[in-house]
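Residue-level listing of the chains:
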Amino acid sequence: SQNQSGASSKKRSNPLRRSYGKKASGKSSLKAAAIRSIYGGGSMPVEKPRRNKSRTDFIESDFGDYRDAADVLRSKHNQIMLQLLEEEHRREIDREAQLMRLTDPDAKDQLQEKFDNERLAASQKIAKVKRQHEVEMAKVVG
């Protein structure tokens with residue numbers, strides 16, 4: 001059937017409506033109107049504002065100082081460790097270049113043994129720094 005304006009009087013159900021064809025209550029239509037007014041009701045999609053809160057927002061503000069101190073310390077530790085690893089990487093490149101230059105197998109073996117000791121020392125140094133960082137972090141975090 002058609003109404004006076006010539007449009008069909010048959011109601012279409014809105015697939016986004018929860019009631020699927022049932023008459024909406026006044027609250028939901030007010031809610032929808034409020035949402036349209038906030039996020040725009042035009043044909044262009046409007047992005048919803050994002051929450052800038054982390055998952056740790058439930059922590060009370062009393063613990064904020066500790067969390068900030070831990071973040072600063074973690075950043076400092078990461079910077080120190082990165083510098084240490086970059087230095088060792090440069091040394092390893094130099095070691096490989098030195099080995100490539102040698103042609104005598106005995107000299108290569110001696111140099112390789114020296115480099116193995118250097119790598120062991122570097123590995124121990126990295127482990128020591130890591131343990132120091134863990135101790136420092138435990139003192140801050142508690």
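Since this is a predicted model, take the numbers as computed values, not measurements. (Residues numbered from 1 in each chain as written. Predicted model: local features only at pLDDT ≥ 70, side-chain atom pairs only at ≥ 80, totals over all residues. Heavy atoms only, no water.)

1. Some points on the pattern of salt bridges
Argument step 1. Tallied over the full model, the rule gives 8 salt bridges.
Argument step 2. The salt bridge partner of Asp71 is Arg74, with a shortest N-O separation of 3.0 Å. In this pair, Asp71 and Arg74 both sit in helix α2 (residues 64-101), 3 residues apart, roughly one turn of the helix.
Argument step 3. Look at Arg74 and you get partly exposed, because its relative accessible area is 40%.
Argument step 4. The partner of Arg95 in a salt bridge is Glu88, and the shortest N-O contact between them spans 2.7 Å. Of the two residues examined, Arg95 and Glu88, each falls in the buried class.
Argument step 5. Salt bridges linked by common partners bring Glu87, Glu88, Arg91, Glu92, Arg95, Asp116, Glu118 and Arg119 together as one network. (Salt bridge = Lys/Arg side-chain N within 4 Å of Asp/Glu carboxyl O. Helix = DSSP H or I, 4+ residues; strand = E, 2+ residues; numbered from the N terminus. Buried < 20%, exposed > 50% of the residue type's maximum accessible area, 1.4 Å probe, protein only.)

2. Overview of the confidence of the model for the chain
Argument step 1. Confidence in the prediction for the chain averages 74 pLDDT; 54% of positions are at 70 or higher.
Argument step 2. Confidence over residues 18-22 falls short of pLDDT 50; this stretch has 5 contacts with residues more than four positions distant or in other chains.
Argument step 3. A low-confidence stretch, residues 54-63 stays under pLDDT 50, and its non-local contacts, those more than four residues away or across chains, total 3 contacts. (pLDDT = per-residue confidence, 0-100. Contact = heavy atoms within 4.5 Å.)

3. What about helix α3 (residues 105-141)?
Since one α-helical turn is 3.6 residues long, residues separated by three or four positions face the same way.
Argument step 1. In a regular helix each residue adds 1.5 Å, so 37 residues correspond to 54 Å; α3 covers 53 Å between its end C-alpha atoms and thus fits that length.
Argument step 2. Restricting attention to buried positions, one finds in α3 the residues Leu111, Phe115, Ala122, Val129, His133 and Met137.
Argument step 3. With its phi angle positive at about 100°, Gly142 sits one or two positions after the end of α3. (Expected span 1.5 Å × (residues − 1).)

4. Examining a negative patch on the surface
Argument step 1. Together, Asp104, Asp106, Asp109 and Glu113 line one region of the surface with negative charge.
Argument step 2. By the secondary structure assignment, Asp109 is in helix α3. (Patch = residues over 30% accessible without salt bridge, like charges linked within 9 Å, V, L, I, M, F, W, Y side chains within 5 Å. Areas by Shrake-Rupley, 256 points an atom, 1.4 Å probe, with all protein chains shown as cover. Lys, Arg positive; Asp, Glu negative; His and termini not counted. Charge placed at Lys NZ, Arg CZ, Asp CG, Glu CD.)

5. Observations regarding the environment of Lys114
Argument step 1. With respect to the helices and strands, the residue Lys114 is situated in helix α3.
Argument step 2. Since its relative accessible area comes to 44%, Lys114 is described here as partly exposed.
Argument step 3. For Lys114 and Arg95, which are 19 residues apart along the polypeptide, the C-alpha to C-alpha distance reads 9.9 Å.

6. Some points on the side chain of Arg95
Argument step 1. Positionally, Arg95 belongs in helix α2.
Argument step 2. Look at Arg95 and you get buried, because its relative accessible area is 3%.
Argument step 3. Only 2.8 Å separates the side chain of Arg95 from the side chain of Glu92, close enough to count as a polar contact.
Argument step 4. If sequence neighbours within four positions are ignored, Arg95 has contacts with Glu88, Phe115, Glu118 and Arg119. (Polar contact = N/O pair within 3.5 Å; in protein donor to acceptor, adjacent residues only side chain to side chain.)

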